[in-house]
Amino acid sequence: MTDTTSNKMWGGRFAAGPDAIMEAINASISFDQRMAAQDIAGSRAHAAMLAAQDIISDSDADAIRKGLLTVLSEIEGGTFAYSTALEDIHMNVEARLKEVIGEPAGRLHTGRSRNDQVATDFKLWTRDQFDAAESGLLALIKALLGQAEAGADWVMPGFTHLQTAQPVTWGHHMMAYVEMFGRDLSRMRDARARMNESPLGAAALAGTSFPIDRDMTAQALGFDRPAANSLDAVSDRDFALEFLSAASICAMHLSRFAEELVIWSSAQFRFVTLSDRFSTGSSIMPQKKNPDAAELIRAKIGRIMGANVALMMVMKGLPLAYSKDMQEDKEQVFDAADNLMLALAAMEGMVKDMSANRESLAAAAGSGFSTATDLADWLVRVLGLPFRDAHHITGSLVALAEQNGCDLPDLTLEQMQSAHGDISADVFDVLGVENSVNSRMSYGGTAPAQVRAQVARWKGIIG
Ligand code: ARG
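These figures come from a predicted structure and were not determined experimentally.

(A) Up close: helix α19 (residues 448-462). In this model α19 runs 21 Å from its N-terminal to its C-terminal C-alpha over 15 residues, within 8% of the 21 Å that 1.5 Å per residue would give. All of the buried residues along α19 are Pro448, Gln450, Val451, Gln454, Val455, Trp458 and Ile462. Buried residues of α19, seen end-on, are gathered within an arc of 155 degrees and therefore sit on one face of the element. Contact partners of the buried residues in α19: α6 (114-150), β2 (163-169), α7 (170-195) and α18 (433-439).

Here you go:
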């Protein structure tokens, strides 16, 4: 007895259709419909190759090509009726193709399996995300370079342990993030280059007995070459994991920067003013201007790193080749990609719009004994003291200033000389924050000239 509700694709083997719960756990169409364009591009490349290799007729290939374009326009026009019973995007498209063109549709799946099909579609989708991340990062880097250039010589406190350490420049701080996002950029580019091999034609897992031309489909889809092992081609999700790992590191950088913006925009710091466009108000406290965009960016690492861990857990322990577990790959990457792009765009917007409060930065730069290291260095350089002794003497002067409720440059020469009799008046030159940052001319240091050189270098890199 044959149950007429059994699946169209494999009904020959089955007497009954699936339980409703089976359908619910099995279907991926609710989310993998995002790969419709990639699925149709892959099918078009495959059909053209089948015809070129005389595996199907030119007229069938032509019917398939036209039919796929019709299906694509239905999908893009929002008139396509997705069916959960048809499980996923691959079967939805193929079933609709059958309705549109009839018998030739059944020849499309020659020499192919959903296993290489899904790997191909998902790679094409993920490849676009590497490109989108690259654009987002480049835009953010440009915005940071704008800030760094404008404030190459604006002094601000540099921190370690969030305690005032040494004065730095605003431009230097911005350029630190340029380095981080620059590494993110290179990670995205590296991974994209590595992943750009076509799984199409690996078929279910072993390759196919049809005389297919994998170079042709690889080329048509913009891949550099076909993947060299059919088992690996259908079971590899490294490209998704590399995207998620690179995205996680990038999201971590975004989160650190967002955290600084939250701190810096507070009334206690006042280092930056975020624009109204990237802030919100409070429904009860009229004075509030909240850095919500920064806070949400700070939080995005949670779901992005979560996706990375989730997919790693899905993949670990899977025997070769394809297992249905792998269907759990897409939502993680979709969600992580959406949120990474949003976070990059929001950060770019915030950075472009924000204004650094030069006076507040300068006032904070000079407080907290930030030039104590400069004083110690002066004792070494001018008086020839060992650094450890200089450190000790400087420490006693910091204690003295603290007792007097003043900063180091406010001490008198006599007070200075109470710690070491040879200290002379020109010590005061190094206690100014401007002099302090100007003196840090070592390569990669905070001196404005070094910052400007790095801005110029990066402009050359990103064009
Ligand atoms: N929807 C499936 C996925 O996302 C497509 C591949 C199905 N392959 C199979 N052998 N059941 O992984």
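(B) The site of the ligand, seen in detail. In the vicinity of the ligand, the contacting residues are Ser28, Asp88, His90, Arg114, Asn115, Val118, Tyr322, Gln327 and Lys330. At a separation of 3.3 Å, a nitrogen atom of the ligand approaches a polar side-chain atom of Ser28. Protein chains shield 87% of the accessible area of the ligand, which is 350 Å² for the free molecule. Counting residues per element, the shell around the ligand draws most heavily on α6, which supplies three residues. Of the residues assigned to the shell around the ligand, the class counts are two nonpolar, four polar and three charged.

(C) Representation of helix α14 (residues 372-383) in the model. In this model, α14 (twelve residues) spans 16 Å end to end at C-alpha, consistent with the 16 Å of a helix rising 1.5 Å per residue. Taken together, the buried positions of α14 are occupied by Ala372, Asp374, Leu375, Ala376, Trp378 and Leu379. Its buried side turned inward, α14 meets α15 (387-404), α17 (427-431) and α18. Looking at the residues trailing α14, positive phi occurs at Gly384, about 70 degrees.

(D) Layout of the environment of Leu379. Structurally, Leu379 can be placed in helix α14. Since its relative accessible area comes to 0%, Leu379 is described here as buried. For the pair Leu379 and Leu50, spaced 329 residues apart in the sequence, the C-alpha separation amounts to 80 Å.

(E) Here's a closer look at the nonpolar core. Within the largest apolar cluster, 100 residues are counted, with the highest numbers of intra-cluster contacts made by Trp170, Phe243, Leu254, Phe257, Leu340 and Met347. Not counting the four nearest positions on each side in its chain, Met347 is found in contact with Leu140, Leu254, Phe257, Ala258, Leu261 and Ile297. With 20 residues, the next largest nonpolar core counts Phe369, Leu397, Ala401 and Val427 among its residues.

(F) Just the side chain of Asn308, in detail. By secondary structure assignment, the location of Asn308 is in helix α11 (residues 292-315). Since its relative accessible area comes to 7%, Asn308 is described here as buried. For Asn308, the contacting residues outside a window of four places in its chain are Leu241, Leu244, Ser245 and Ser248.

(G) View of the pairing of β2. In this structure, strand β1 (residues 155-160) lies alongside β2, joined through six bridges in antiparallel fashion. Following the sheet pairing, Val155 is matched in β2 by Thr169. The hairpin turn running from β1 into β2, its antiparallel successor, is two residues long, and His161 in that turn takes a positive phi close to 55 degrees.

(H) Representation of the pattern of salt bridges in the model. Taken as a whole and judged by the stated rule, the model has 26 salt bridges. Residue Glu74 pairs with Arg96 through a salt bridge whose shortest N-O separation is 2.7 Å. Separated by 22 residues along the polypeptide, Glu74 in helix α4 (residues 58-76) and Arg96 in helix α5 (residues 89-101) bring together distant segments of the chain. Judged by its relative accessible area of 13%, Glu74 falls in the buried class. Under the relative-accessibility criterion, Arg96 is labelled partly exposed at 26%. Ionic pairing is found between Asp374 and Arg440, a salt bridge with its closest N-O pair at 3.2 Å. With Asp374 in helix α14 and Arg440 in the loop between α18 and α19, this pair connects stretches of sequence that are 66 residues apart. By relative accessible area, Arg440 is classed as buried at 17%. Salt bridges sharing partners connect three or more residues here, namely Glu87, Asp88, Arg114 and Lys324.

The rules we used
Residues numbered from 1 in each chain as written. Predicted model: local features only at pLDDT ≥ 70, side-chain atom pairs only at ≥ 80, totals over all residues. Heavy atoms only, no water. Helix = DSSP H or I, 4+ residues; strand = E, 2+ residues; numbered from the N terminus. Expected span 1.5 Å × (residues − 1). Buried < 20%, exposed > 50% of the residue type's maximum accessible area, 1.4 Å probe, protein only. Arc of directions from axis to C-beta. Contact = heavy atoms within 4.5 Å. Near = heavy atom within 4 Å. Polar contact = N/O pair within 3.5 Å; in protein donor to acceptor, adjacent residues only side chain to side chain. Areas by Shrake-Rupley, 256 points an atom, 1.4 Å probe, with all protein chains shown as cover. Nonpolar A, V, L, I, M, F, W, Y, C, P; charged D, E, K, R; others polar. Core = buried A, V, L, I, M, F, W, Y, C linked by side-chain atoms within 4.5 Å. Pairing = 2+ DSSP bridges. Salt bridge = Lys/Arg side-chain N within 4 Å of Asp/Glu carboxyl O.

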